[in-house]
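# Fold and geometry: a report
Below, each chain spelled out in residue letters.
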Amino acid sequence: MPKTAPHATLAAHGMILAFNKPYGVLSQFTQEAPHHRTLAEFGFPAGVYPVGRLDADSEGLLLLSDEKALVDRLLNPSNRHPRTYWSQVEGVPSATDLLPLERGGLSIQGYRTLPCRVRPMHGEPDVPPRNPPVRYRAAIPTSWLELTLVEGKNRQVRRMTAAIGFPTLRLLRVRIGRFTLSGLEPGAWKELDSRERRELMP
């Protein structure tokens, strides 16, 4: 069982929790099939619900809260609230390849994307290995991109990198606002203190 923050420190209302969601866990408390892993196994306090989602095959920072006002403040694209992802992609995109992501306007399932910030990362980021590991193919190199979006459509980062010809193999959300996952191991969660809440919503 992953280590969690002590429940005694949690206020009855106004909680914002940061959770490092592991691969293979649904961003919900209810199982849709007996083999599904859900948020129910991680010992969250009663009354919280996920603010936004990460797909089962994505990892990283997921917020949970009992503050309903957070949903619009964090997720409405008109508020331009940034979310940063690290994406391991198949292949090595050039600066020219990345231009459509930066300019926006990619058509994904009938939706036109907003511009995002994207930069190639140098080498492997310092992240725990995934279980199961990403499929390895000796003939095809991989590389990492850092992308910062202000919107979060279903599987958007994966669809965006695929649209420019570089499918995402592994995806982690590492930052929301200025709040990062630093120090939070996969499967662990904590309640945000006042400083961390300001980082989340500057």
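Residues numbered from 1 in each chain as written. Predicted model: local features only at pLDDT ≥ 70, side-chain atom pairs only at ≥ 80, totals over all residues. Heavy atoms only, no water.

## Thoughts on the environment of Gly 24
Applicable threshold: Counting from the N terminus, the helices are the DSSP runs of H or I reaching at least four residues and the strands are the DSSP runs of E reaching at least two. Exposure classes here rest on a 1.4 Å probe applied to the protein chains alone. A residue is buried below 20% of its type maximum, exposed above 50%, and partly exposed in between. Two residues qualify as a contact provided that any one of their heavy atoms is within 4.5 Å of a heavy atom in the partner residue.
Relative to the elements of secondary structure, Gly 24 occurs in the loop between strand E1 (16-21) and strand E2 (49-51). Taking relative accessible area as the criterion, Gly 24 reaches 30% and is therefore assigned partly exposed. For the pair Gly 24 and Thr 38, spaced 14 residues apart in the sequence, the C-alpha separation amounts to 8.6 Å. What Gly 24 contacts, discounting residues up to four positions off in sequence, is Arg 37 and Ala 56.

## A few points about unusual backbone geometry
Across the junction of Asn 131 and Pro 132, the peptide omega takes the value 5 degrees, indicating a cis bond. Position of Pro 132 relative to the elements: it lies in the loop between strand E7 (117-120) and strand E8 (142-149). For Arg 80, which is not glycine, the phi torsion reads 50 degrees and is therefore positive. Relative to the elements of secondary structure, Arg 80 occurs in the loop between helix H1 (69-75) and strand E4 (83-90).

## Things to note about the pairing of E4
Side-chain positions along a regular strand alternate between the two faces of the sheet. Applied cut-off: Only strands that DSSP links by at least two bridges are regarded as paired with each other.
Most of E4 is tucked away: eight of the eight residues are buried. A two-sided burial pattern is seen for E4, the buried positions comprising Arg 83, Tyr 85, Ser 87 and Val 89 on one face and Thr 84, Trp 86, Gln 88 and Glu 90 on the other. Two strands pair when backbone bridges link them, and E4 and E8 are joined in this way by eight bridges, in the antiparallel orientation. Bridge pairing links Tyr 85 to Leu 147 in E8.

## Considerations on the packing of aromatic side chains
Put simply, the rule reads: Classification of ring pairs rests on two measures: the distance between centres of Phe, Tyr or Trp rings, Trp counted by its six-membered ring, which must be within 6.5 Å, and the angle between planes, read as stacked under 30 degrees, edge-to-face over 60 and tilted in between.
Per the stated rule, a full pass over the model turns up four aromatic pairs. On the numbers, 5.1 Å between centres and 90 degrees between planes, the contact of Phe 19 with Phe 44 is edge-to-face. Separated by 25 residues along the polypeptide, Phe 19 in strand E1 and Phe 44 in the loop between E1 and E2 bring together distant segments of the chain. When sorted by exposure, Phe 19 lands in the same class as Phe 44, which is buried. Centroid distance Phe 44 to Trp 189: 5.4 Å. Interplanar angle 35 degrees. Geometry classified as tilted. Note that Phe 44 is positioned in the loop between E1 and E2 and Trp 189 in strand E11 (residues 189-191), a separation of 145 residues in sequence.

## Some points on the UniProt feature "domain: Pseudouridine synthase RsuA/RluA-like" (unreviewed entry) in the chain
Using the following cut-off: UniProt positions are given in the numbering used here, feature names are shortened, and annotations may be inferred rather than shown by experiment.
UniProt tags residues 17-163 as "domain: Pseudouridine synthase RsuA/RluA-like" (unreviewed entry). With 16% helix and 27% strand, the stretch residues 17-163 has end C-alpha atoms that lie 33 Å from each other.

## A word on helix H3 (residues 156-163)
Residue pairs spaced three or four apart in an α-helix point in one direction, given the helix's 3.6 residues per turn. Regarding H3, the residues found buried are Gln 156, Val 157, Arg 158, Met 160 and Thr 161. Those residues of H3 that are buried are in contact with E4, helix H2 (95-103), strand E5 (107-108), E8 and strand E9 (168-176). Of the residues one or two after H3, Gly 165 is the one with positive phi, at around 95 degrees.

## Description of the pairing of E9
For E9, the buried fraction is high: eight of the nine residues fall into the buried class. Pairing of strand E3 (residues 59-65) with E9 involves two bridges; the strand directions are parallel. From the neighbouring strand, Glu 59 faces E9, where its bridge partner is Leu 172. Bridging between E4 and E9 involves seven bridges; their strand directions are antiparallel. Along E9, the bridge assignment pairs Val 89 with Thr 168.

## Considering the side chain of Arg 130
Stated formally: When charges are counted, Lys and Arg contribute as positive and Asp and Glu as negative, whereas His and the chain ends are disregarded. Any carboxyl oxygen of Asp or Glu that lies within 4 Å of a side-chain nitrogen of Lys or Arg is treated as forming a salt bridge with it. In protein, a polar contact means a hydrogen-donor-capable atom and an acceptor-capable atom, both N or O and within 3.5 Å, with residues adjacent in sequence counting only if both atoms are side-chain atoms; elsewhere, any N or O pair within 3.5 Å suffices.
Within the element layout of this structure, Arg 130 appears in the loop between E7 and E8. Buried and without a salt bridge, Arg 130 has Glu 59 as its closest oppositely charged side chain, separated by 4.8 Å. One polar contact links the side chain of Arg 130 to the main-chain carbonyl oxygen of Pro 132, over a distance of 2.7 Å. Only 3.5 Å separates the side chain of Arg 130 from the backbone oxygen of Leu 169, close enough to count as a polar contact.

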